[in-house]
Amino acid sequence: MLILGIESSCDETAASVVRDGREIISSVISTQIEEHKKYGGVVPEIASRRHCENILAVTRQALDEAEITLDDVDAIAVTYAPGLIGALLVGVNFAKGLAMASGKPLVPVHHIAGHIATNYLTFPELEPPYLCLVASGGHSHIIEVLSYTKFRVVGRTRDDAAGECFDKCARAMGFPYPGGVHIDKAAQTGDPTEFKLPHPTVAGNEFDFSFSGLKTSVINLVHNSEQKGIELNFNNLAASVQSTISELLTDRTIKAAKALGYKRIALAGGVSANTGVRAALSEACEKNGFEFYMPSKSLCGDNAAMIACQGYYNFLSGITADESLNAVATLSMEDI
Ligand code: KG4
Ligand code: ZN
């Protein structure tokens, strides 16, 4: 079965063709990063306009590279939530038009479920149930993947997402947007022991995260040093930020796995590209005798192959949408 996936929830316009939920036939991503860099973050209005300009060409290219036409596709999957509303609306309306013109079924996909599905594209043998840590620019969740289409969120961030924390700390150090990858690079030659950063815990749920205190302490440290004319070693600071975020994510995930009896753990989301996070969770899983899965680096960031993959499983479960499908900016995984 061939699924055409379409993704436009943030600053990547993407389209992909995936066979039987596991095999990527084509995957085209048009990124807007260079344009948003000037503003230090994504400008929603600009993102929507660029999606509008690019989505047809990106989709045409995905079909061409797969050497198929719309006629050969079995269903059209699209990200409808969560994300920037104007950006999502472009993809949703485009997919609705394609579905109407071709008479193919329309399949709505939750963006986070899509990130989780990157592991199915990387590991053909992986099947639910398992526990998944999803860390991206907008989300940090520990999720029970009960089946391909049923999820239970057991831990979440109370404030900033892990990716947002990486990006804001990077900005304070003068790295361009999106800064996570620059922290990753700088950390490779840094010493994580020079700066002791806070490891905040939150009351109420031991699997929840909080990253705003860490972010604020890094911003204050950089600004106070600037005012006093003290030059900080940003490689060391980047290494501290990365190891602190990695420890926080790993600690809560392993705790949740032990408490809930999971022996299989997966990682997903843009932050899953981070060298420190990948190593920390991988080592902790090995130490505890858990199986560990993480997406190949090329699938960590936003893409449409993950939407086509999750779309396949949604379609098999009978999850389709009619012409009234709308985009939703905020939607819990449990409400899909
Ligand atoms: O999943 P994603 O592409 O978009 C959202 O759905 O939010 O995640 C983007 C986030 C950004 O915060 C970006 O800085 C972060 O993932 N990221 C990284 C790395 N690569 C991307 N963070 C740390 N290290 C990286 N190597
Ligand atoms: Zn994402």
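The paragraphs below set out a description of the structure included in this document. (Residues numbered from 1 in each chain as written. Chains lettered and ligands numbered in written order. Predicted model: local features only at pLDDT ≥ 70, side-chain atom pairs only at ≥ 80, totals over all residues. Heavy atoms only, no water.)

1. Notes on the site of ligand 1
Surrounding ligand 1, one finds 18 residues, the nearest of these being His115, Gly137, Asp167, Asp184 and Asn274. Within the backbone of glycine 180, a nitrogen or oxygen atom sits 3.3 Å from a nitrogen atom of ligand 1. One of the side-chain N or O atoms of aspartate 184 is found 2.9 Å from a nitrogen atom in ligand 1. Notes on ligand 1: free accessible area 550 Å², of which the protein chains cover 85%. Contributing elements (two or more residues each) for the shell around ligand 1: helix H4 (111-122), helix H5 (162-172) and helix H6 (180-187). For the shell around ligand 1, the per-class residue count stands at five nonpolar, 10 polar and three charged. For the shell around ligand 1, the two domains that each supply at least three residues are domain 1 (2-116 + 300-335) and domain 2 (127-297). (Near = heavy atom within 4 Å. Polar contact = N/O pair within 3.5 Å; in protein donor to acceptor, adjacent residues only side chain to side chain. Areas by Shrake-Rupley, 256 points an atom, 1.4 Å probe, with all protein chains shown as cover. Helix = DSSP H or I, 4+ residues; strand = E, 2+ residues; numbered from the N terminus. Nonpolar A, V, L, I, M, F, W, Y, C, P; charged D, E, K, R; others polar. Domains from an automatic or database assignment.)

2. A word on unusual backbone geometry
Backbone torsion omega between alanine 81 and proline 82 reads -20°, so that peptide bond is classified as cis. The topology assignment puts proline 82 in the loop between strand S4 (75-81) and helix H3 (85-102). A cis amide bond links proline 128 with the next residue in sequence, proline 129, at an omega value of 5°. Considering the arrangement of structural elements, one finds proline 129 in the loop between H4 and strand S6 (130-135). Although it is not a glycine, aspartate 20 sits at a positive phi angle of roughly 50°. When you line up the elements, aspartate 20 lands in the loop between strand S2 (12-19) and strand S3 (23-31). The phi angle at glutamate 67 is positive, at roughly 55°, despite the residue not being glycine. For glutamate 67, the position within the fold is in the loop between helix H2 (44-65) and S4.

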